[in-house]
Amino acid sequence: MRFPDDVPRLSDGDVALRAHEAGDVERIVEQCVDPASQAWTTVPVPYARADAEDWIGRVVPDGWTSGTTYAFAIERAGRFAGSIDLRLSGDGEAELGFGLHPDARGDGVMRRALGLLLDWAFDEQGIEVVTWRAFVGNWASRRTAWSLGFTFGPTVPRLLPHRGERRDAWTARLARDDRARPLAGGRRD
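The shown structure was predicted, so the numbers you read here are calculated from the model rather than taken from an experiment.

A. Region of the structure containing helix α1 (residues 25-33). Taken together, the buried positions of α1 are V25, R27, I28, V29, Q31 and C32. Those residues of α1 hidden inside the fold are in contact with α2 (35-40), α3 (49-66), β4 (79-90) and β5 (93-100).

B. Quick look at the pattern of salt bridges. Evaluated as defined, the whole model comprises 20 salt bridges. The residue R18 makes a salt bridge to E21 at a minimum N-O spacing of 3.7 Å. D24 is paired through a salt bridge with R18; the nearest N and O atoms lie 2.8 Å apart. On the accessibility criterion, R18 (8% relative accessible area) is buried.

C. Examining the packing of aromatic side chains more closely. By the definition in use, this model includes seven aromatic pairs. Geometrically, the ring pair formed by W132 and F152 is edge-to-face, given 5.6 Å between the ring centres and 90° between the ring planes. Of this pair, W132 sits in strand β6 (residues 129-135) while F152 sits in strand β7 (residues 151-152), and the two are 20 residues apart along the sequence. In terms of burial, W132 and F152 fall into one category: buried. Ring pairing ties together the aromatic residues W64, Y70, F72 and W120, which thus form one cluster. Across from the ring centre of F152, 4.1 Å away, lies the NZ or CZ of R142, which sits over that ring. Above the plane of the ring of F135 lies R167, whose end atom (NZ or CZ) is 4.0 Å from the centre.

What counts, and where the lines are drawn
Residues numbered from 1 in each chain as written. Predicted model: local features only at pLDDT ≥ 70, side-chain atom pairs only at ≥ 80, totals over all residues. Heavy atoms only, no water. Buried < 20%, exposed > 50% of the residue type's maximum accessible area, 1.4 Å probe, protein only. Helix = DSSP H or I, 4+ residues; strand = E, 2+ residues; numbered from the N terminus. Contact = heavy atoms within 4.5 Å. Salt bridge = Lys/Arg side-chain N within 4 Å of Asp/Glu carboxyl O. Phe/Tyr/Trp six-rings, centres within 6.5 Å; stacked < 30°, edge-to-face > 60°. Lys NZ or Arg CZ within 6 Å of the ring centre and 35° of its normal.

In short, the description is geometric, and any link to function would need to be established separately.
Written as structure tokens, this is what we have:
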């Protein structure tokens, strides 16, 4: 796919997914220097404007053109609210990655953005299974995955690298057919 020409705009009327653009750089930097982002993601520390410019100017377009990672900007109220991506591993499998700007957290923005991405992945991209992994303790990410119907797997010791060490990680998956599964007693796992 060509970036940004082939990046679809997905929207639920309040939250939208779109191609990243140069105007997002300042808010990307704000998001990536936030202590919560640095604790739970693998953004470089320290994080500088040049990191954001390289990410949206090279890394994101390369992912789209190579068909390996489809990264979207999350937009709410006309401004950048975070990033979300689908990392394709082949044979109908992909992994989610996501993070929000601090002022967009706690309002259901990520759940709606992930819903848009998952619908597109399953319906338009032929993805069969989406996986999720997060450092143990990242309860905001875990609650979001749970709310979307992900089934949790084992906690895997030392699964994920993080700034020179390996950290334990939670794992989960969502298959295409799981999206239609009804809630049982209000729980999805």
